[in-house]
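Geometric and topological summary
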Amino acid sequence: MRKIALIVVVIGAAVAVSHVGLGAQAPARGAAPARPAAAASRVHGDLNQLMRGVIYPASNVVFAAQEDPSAIKPADDPATSPNPLTSVYGGWTAVENAGITLAESANLMMLPGRVCSNGKPEPMRNADWALFVQELRDSGMAVYKAAQSKNQDMVLEAVDKMTVSCSNCHDVYREKTTAQGGLAARCTK
Ligand code: HEC
């Protein structure tokens, strides 16, 4: 346990140092001030990659929380566990984090410039799209609150909310039969 705590402290210190490093980059004398943080928002993946890489793993943590997360045994080496539930930040903390991840994903889903896997723009101007994204955000925060309260009934309600938010959007924008145009018709109505 002491070894793990030490690793966490070391990682924390490294992060702190790198932040200091960034903050210390003063503009050269006479140069225009560095551009503000807005330049840091940039889209890197398509919507499918965001779903597979961020939303899907987080939702699996939430689904697993339908059974008491405090009963989940930590991995042999929690510091290196790729499973959030058995990691150093495991159990209920992993469920809290999954809720936050889903809510933050709602922000990522509204960043301008993201395309879907078929090259179509993410339909974020559609009113129903924005509503579905809001449902995802709300369900993420419901998961977060349920996990903070460690209340299993609240978790079950939050899981329902989350599942509905995923399928409401998928029904319209993801599930496309061949007759509807298949993958090429994703992200369109
Ligand atoms: C606002 C709309 C929206 C919401 C909310 C949403 N999705 Fe998606 N999802 C999509 C669309 C559209 C695609 C297809 C994207 C593409 O092909 O680029 C997709 C794709 C996926 C994929 C990949 C499918 C594949 O072809 O490999 C997974 C997994 C997924 N979503 C999981 C989820 C889960 C779990 C939730 C809820 C926690 C969720 N999504 C919420 C719109 C949404």
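Everything below is about the structure printed above this text.
Structure report, in brief. Computed from a prediction, not measured in an experiment: that's the story for all the values here. (Residues numbered from 1 in each chain as written. Predicted model: local features only at pLDDT ≥ 70, side-chain atom pairs only at ≥ 80, totals over all residues. Heavy atoms only, no water.)

1. Structural notes on the packing of aromatic side chains
Here is the rule: The aromatic pairing rule takes the rings of Phe, Tyr and Trp, using the six-membered ring of Trp, and pairs them if the centres are within 6.5 Å, calling planes under 30 degrees apart stacked, those over 60 edge-to-face and the rest tilted. A run of H or I in DSSP counts as a helix once it spans at least four residues, and a run of E counts as a strand once it spans at least two, with each numbered from the N terminus. A 1.4 Å probe rolled over the protein chains alone gives each residue an accessible area, and that area as a share of the maximum for its type sets the label: buried under 20%, exposed over 50%, partly exposed in between.
Tallied over the entire structure, the rule returns two aromatic pairs. Measuring from centroid to centroid gives 5.0 Å for Trp129 and Tyr173, while their planes differ by 80 degrees, and the two rings are edge-to-face. Of this pair, Trp129 sits in helix H4 (residues 127-149) while Tyr173 sits in helix H5 (residues 152-173), and the two are 44 residues apart along the sequence. Among the residues examined, Tyr173 registers a relative accessible area of 3% and is labelled buried. Note on Phe132 and Tyr173: the rings are 6.5 Å apart at their centroids and 75 degrees apart in plane angle, and the pair reads as edge-to-face. Here Phe132 is found in helix H4, whereas its partner Tyr173 is found in helix H5, with 41 residues between them in sequence.

2. Brief notes about the layout of surface pockets
A water-sized probe rolled over the atoms picks out the places where empty space is left. Using the following cut-off: A cavity here means a set of points on a 1 Å grid, drawn over the protein atoms and nothing else, where a 1.4 Å probe fits but cannot get out; a pocket is an open set with protein on both sides within 12 Å along at least five of seven lines, and a residue lines either one if it has an atom within 4 Å of a point. Grid points are joined across faces, edges and corners, and a volume is the space filled by probe spheres set on the points.
Volume-wise, the largest pocket comes out at about 500 Å³. Around the largest pocket, the lining is made up of 24 residues, and of these Met51, Ile55, Cys166, His170 and Arg174 lie nearest the centre. At the level of secondary structure, the elements contributing two or more residues to the lining of the largest pocket comprise helix H2 (47-64), H4 and H5. If you tally residues by element for the lining of the largest pocket, the top one is H2, at nine residues.

3. Examining the state of the cysteines
Covalent bonding between the sulfur atoms of two cysteines defines a disulfide. Just so we agree on the cut-off: For the purposes of this analysis, a disulfide is any pair of cysteine sulfur atoms at a distance within 2.5 Å.
Going through the model one piece at a time under the given rule, you end up with one disulfide. Each disulfide pairs two cysteine sulfurs, and for Cys116 the partner residue is Cys187, the sulfurs being separated by 2.0 Å. Taking the sign of the torsion about the S-S bond as the criterion, the disulfide between Cys116 and Cys187, at about -95 degrees, is left-handed. Here Cys116, found in the loop between helix H3 (91-109) and H4, pairs with Cys187, found in the segment after H5; they are 71 residues apart in sequence, far enough to count as distant. Each member of the pair, Cys116 together with Cys187, is buried.

4. Considerations on the pattern of salt bridges
Put simply, the rule reads: By definition, a salt bridge exists where a carboxyl oxygen of Asp or Glu is found within 4 Å of a side-chain nitrogen of Lys or Arg.
Taken as a whole and judged by the stated rule, the model has three salt bridges. The residue Asp128 makes a salt bridge to Lys189 at a minimum N-O spacing of 3.0 Å. Of this pair, Asp128 sits in helix H4 while Lys189 is found in the segment after H5, placing the two residues 61 residues apart along the sequence. The buried category is assigned to Asp128, whose relative accessible area is 18%. When its relative accessible area of 68% is taken as the criterion, Lys189 is described as exposed. Among the salt bridges present, the one from Glu175 reaches Arg174, with a minimum N-O distance of 3.0 Å.

5. A short note on the packing of H4 against H5
Test applied: Lines are fitted to the C-alpha atoms to define the axes, a helix being fitted only along its stretch in contact, and any angle between axes, read from their N-to-C directions, falls within 0 to 180 degrees. Each angle is binned into one of four classes, with values under 35 degrees roughly parallel, values over 145 roughly antiparallel, values of 65 to 115 roughly perpendicular, and all other values oblique. Left-handed describes a crossing whose near helix is turned anticlockwise from the far helix by less than a right angle; the clockwise case is right-handed. Any two residues having at least one pair of non-hydrogen atoms within 4.5 Å are treated as being in contact. Three residue categories are used. Nonpolar comprises Ala, Val, Leu, Ile, Met, Phe, Trp, Tyr, Cys and Pro, charged comprises Asp, Glu, Lys and Arg, and polar comprises the others, including Gly.
Look at H4 against H5: their axes get within 8 Å of each other, and the N-to-C directions meet at 165 degrees. It follows from the interaxial angle that H4 and H5 lie roughly antiparallel. H4 and H5 meet at a crossing whose hand is left-handed. Note on element contacts: H5 touches H4 through Met154, Val155, Ala158, Lys161, Met162, Ser165, Asn168, Cys169, Val172 and Tyr173, opposite Asp128, Trp129, Phe132, Glu135, Leu136, Asp138, Ser139, Ala142, Val143, Lys145, Ala146 and Ser149. Split into classes, the residues belonging to the contact of H4 with H5 amount to 13 nonpolar, four polar and five charged.

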